[in-house]
Amino acid sequence: MIKVFEKKHQIRITNMHKSFVCSPHPVPNHPTSLHLLDSSTYTQIHPPQLSESYTVADSVTTARDLDEDFAEFDEFGGEPLTSVEEEGDEHVSRAALSAAARESKLLDVLSVAATIPTEKRSAKRESYLRSLFKAISQYATGAEGQETVLSKVDDVILPACVAGLRSGVAAPAEQYASCRVLEATAVVLGGDMDEYVEAITDLLTKAIKATGRAGQVRVAAIRALSMALFVCGTDMMATNSCLDLCEAVCAPKFRGEDVDPHLRAAALDCWALLSTTVADAYIAGDDIEGIDGGNGRGVFILPLLQQCLDHSNVELRSAAGECVALIHEARLNMGIDDEEGGNATERRYRSGSWDGSEWEVLMDEVKQRIAELSVESGYRLSKKAKKQQKAEFREYMATIVDDESPNHTVAFRGGTLVLSSWREIIQLNYMRHALQAGFQVQLMTNATLQAIFGADGSILNASSGMSQLEKRLAMSKTSEASKAADKHMTRQRRTRQNIKNHFLTCDGEDI
């Protein structure tokens with residue numbers, strides 16, 4: 001870019017690298033018709049004429065003067081940049097903008113998901129289902145997101161998942177993704193949705209009982225069915241039927257075939273989740289009327305849990321220990337009012353103790369095994385697996401052996417949530433696994449989750465911090481604010497460089 005500046009008795013031509021002076025007078029030893037000279041050469045030939053009253057102070061210029069001299073190099077005319085927040089509507093909050101962006105993304109994904117039943121390629125269907133899971137778990141927030149998902153359940157979501165669970169046609173990855181979509185949809189829909197439970201019960205039950213399907217597909221199916229019954233269902237008969245199915249699947253053999261340890265662990269997790277919806281007496285009670293054998297469900301499966309604690313699979317042992325902790329906590333809570341003391345010594349000798357019952361010996365053996373697992377060492381497990389197992393079984397031992405209540409704190413953007421019972425911890429872990437990265441935003445916007453964990457939505461959303469989406473839009477390197485800052489720094493850098501090189505282009509008359 002070349003610029004021309006006219007001054008008295010001369011014309012200056014400036015480009016990005018050098019400055020030239022066109023003199024109207026011929027110059028000796030420079031026989032050029034245009035008299036085009038380099039500025040340094042011109043200065044040597046025509047030295048600046050200083051007045052008699054000239055002092056050194058007269059040659060000093062301020063930074064403000066230099067900025068004005070180099071205003072022509074500023075491609076934006078020296079006008080300050082306007083930030084992104086100032087350009088937007090000041091009356092619209094960040095939360096509203098984020099909600100609108102999430103709603104728009106959710107509608108886009110749902111429109112694409114409507115083509116899943118007619119899509120011929122399995123890889124494409126799997127990709128669409130994964131995108132649908134992310135959209136439902138992360139973008140379907142608040143009442144608007146719930147209404148959007150509810151309006152698309154019968155027309156888009158269920159047909160897409162039914163197409164993805166077709167045995168012999170859909171790949172295992174596609175079937176797994178379909179189950180995860182059904183699981184996340186149950187969380188968003190909320191309670192009193194028995195129609196949704198009825199629509200997916202038969203479909204998922206067949207997938208669970210089909211021994212020829214992939215193990216991960218059966219795991220996802222039983223977790224999706226349990227989540228739907230836990231959140232959406234109100235029929236206790238359906239819940240009891242699912243509990244019976246979980247107890248059958250977590251056995252070493254099911255329908256004449258060996259059961260995969262990961263499926264057994266998932267069945268125990270689902271059993272624990274659904275057991276949090278029933279009374280303590282139906283979990284750990286004795287001589288209960290209306291129940292075959294008179295014992296609670298937890299007491300009935302104690303021998304099975306003891307076998308699982310001796311299994312080589314770490315995941316199965318952890319699931320069994322969590323179930324024992326839930327059963328023991330329910331046993332301790334039997335007959336104890338909220339106003340009565342929670343001292344461990346008092347709790348141990350109340351009516352909820354195992355002392356004097358037919359299960360006393362078995363529970364002593366279970367306590368000893370859990371204490372061993374809390375300090376187990378050796379080369380059979382990796383360092384990470386041993387660390388995780390010790391941490392988990394120390395928490396189980398605190399409840400089962402020492403009769404102490406657990407204490408679990410969840411930290412998130414809106415504050416902290418303290419859980420003090422195994423019922424709440426089991427529900428929390430299950431929800432985290434189901435929603436993955438969408439757990440935080442769902443906890444802050446989903447009224448059902450807030451009711452389950454006893455959280456106040458107004459307090460959770462009172463934080464002034466930004467969500468992950470807001471940070472990506474405002475703080476990432478590709479955001480508009482970052483681009484504007486880069487341009488501003490580039491202009492400042494160019495100005496500083498021009499100030500340093502100002503003496504190369506000055507001719508003396510502007511000094």
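Throughout what follows, the structure given in this document is the object of discussion. Note that the structure is a prediction, hence the values are computed from the model and not measured. (Residues numbered from 1 in each chain as written. Predicted model: local features only at pLDDT ≥ 70, side-chain atom pairs only at ≥ 80, totals over all residues. Heavy atoms only, no water.)

So, about the overall build of the protein. Tallying secondary structure elements over the protein gives 25 helices and eight strands in all. Per-residue burial for the protein yields a buried fraction of 42% across its 511 residues. Within the protein, counting contacts between residues at least 6 apart in sequence, those at least 24 apart form 63% of the total. Approximately 27,800 Å² of the protein is accessible, and the part contributed by carbon and sulfur atoms is 52%. (Helix = DSSP H or I, 4+ residues; strand = E, 2+ residues; numbered from the N terminus. Buried < 20%, exposed > 50% of the residue type's maximum accessible area, 1.4 Å probe, protein only. Contact = heavy atoms within 4.5 Å. Areas by Shrake-Rupley, 256 points an atom, 1.4 Å probe, with all protein chains shown as cover.)

Contact pair helix 7 (residues 172-189) / helix 8 (residues 194-209): the axes reach a minimum separation of 12 Å and the direction vectors enclose 160°. When the axes of helix 7 and helix 8 are compared, the pair comes out roughly antiparallel. As for how helix 7 packs across helix 8, the hand of that crossing is left-handed. Judged by residue contacts, C179, L182, T185, A186 and L189 of helix 7 engage Y196, I200 and L204 from helix 8. (Axes fitted to C-alpha atoms, helices over the stretch in contact; angles between N-to-C directions. Parallel < 35°, antiparallel > 145°, perpendicular 65-115°, else oblique. Left-handed = near helix turned anticlockwise from the far one by under 90°.)

Unlike most non-glycine residues, D192 shows phi in positive territory, near 55°. Turning to its location among the elements, D192 is positioned in the loop between helix 7 and helix 8. Its relative accessible area of 63% is what places D192 among the exposed residues. Within the chain, Q436 stands out as a residue other than glycine whose phi angle is a positive 55°. Assessed through its relative accessible area of 42%, Q436 is described here as partly exposed.

Within the structure shown, the criterion is met by two aromatic pairs. When the ring of Y396 is compared with that of W422, the centres are 5.4 Å apart and the planes differ by 55°; the resulting orientation is tilted. Within this pair, whereas Y396 is found in helix 18 (residues 383-400), its partner W422 is found in helix 19 (residues 422-435), the two being separated by 26 residues in sequence. With relative accessibility at 5%, the residue Y396 sits in the buried group. Accessibility expressed as a relative area gives 2% for W422, which makes it buried. An aromatic cluster is present here, built from F393, Y396 and W422 joined pairwise through their rings. Above the ring of Y430, the side-chain terminus of R223 is found at 4.2 Å from the ring centroid. We note R331 situated over the ring of W354; from NZ or CZ to the ring centre the distance is 4.4 Å. (Phe/Tyr/Trp six-rings, centres within 6.5 Å; stacked < 30°, edge-to-face > 60°. Lys NZ or Arg CZ within 6 Å of the ring centre and 35° of its normal.)

Our next topic: the pattern of salt bridges. A side chain with one charge may pair with a side chain of the opposite charge, provided their charged atoms come close. Summed over the entire model, instances satisfying the criterion amount to twelve salt bridges. In this structure, E372 engages R369 in a salt bridge whose closest nitrogen and oxygen atoms are separated by 3.5 Å. Residue E372 and its partner R369 are both found in helix 17 (residues 360-373); the two are separated by three residues, about one turn of the helix. Overlapping salt bridges, with partners in common, bring together D244, E247 and R297 in one network. (Salt bridge = Lys/Arg side-chain N within 4 Å of Asp/Glu carboxyl O.)

Another point: the packing of helix 11 (residues 261-275) against helix 19. At their nearest, the axes of helix 11 and helix 19 sit 9 Å apart, and the two run at 125° to each other. Taken together, the axes of helix 11 and helix 19 are oblique relative to one another. Here helix 11 runs over helix 19; the crossing is left-handed. Contacts between helix 11 and helix 19 involve D269, C270, A272, L273 and S275 from the first element and R423, I426, Q427 and Y430 from the second.

Quick look at the state of the cysteines now. Enumeration according to the criterion identifies zero disulfides in this entry. Summary of cysteine pairing: C323 is not part of a disulfide, and the nearest cysteine sulfur, belonging to C250, is at 7.9 Å. Classification of C323 by relative accessible area gives buried; the value is 0%. (Disulfide = S-S within 2.5 Å.)

A word on the nonpolar core. Ranked by internal contacts, the top residues of the largest apolar core, which has 112 residues, are Y196, L204, L268, W271, L305 and M431. The leading source of residues in this core is helix 9 (residues 215-231), at eleven residues. When sequence neighbours within four positions are dropped, the list of residues in contact with L305 reads L268, A320, C323, V324 and I327. (Core = buried A, V, L, I, M, F, W, Y, C linked by side-chain atoms within 4.5 Å.)

This paragraph deals with the side chain of R223. Within the secondary structure, R223 is located in helix 9. Among all residues touching R223, those that are not within four sequence positions of it are E183, D269, C270, Y430 and H433.

Attention now goes to the environment of A210. Take A210: it is sitting in the loop between helix 8 and helix 9. Of the residues examined, A210 reaches a relative accessible area of 23% and is grouped as partly exposed. Distance in space between the C-alpha atoms of A210 and S167 is 9.6 Å, their sequence separation being 43 residues. Apart from residues no more than four positions distant in its own chain, A210 is found in contact with R218 and R255.

The subject of this paragraph is helix 6 (residues 142-164). Compared with an ideal rise of 1.5 Å per residue, which puts 23 residues at 33 Å, helix 6 spans 27 Å between its outermost C-alpha atoms and falls more than 12% short. The largest bend along helix 6 measures about 80° and falls at V153. G145, T148, V149, V153, V156, I157, L158, A160, C161, A163 and G164 are the residues of helix 6 that are buried. (Expected span 1.5 Å × (residues − 1). Bend = angle between axes of the 7 residues up to and from the residue.)

Of the positions making up helix 14 (residues 302-309), those classed as buried are L302, L304, L305, C308 and L309. Looking down the long axis of helix 14, one finds its buried residues gathered within 155° of arc, a one-sided arrangement. In this structure, the buried side of helix 14 is in contact with helix 10 (236-249), helix 11, helix 13 (297-300), helix 15 (314-333), helix 17 and helix 18. (Arc of directions from axis to C-beta.)

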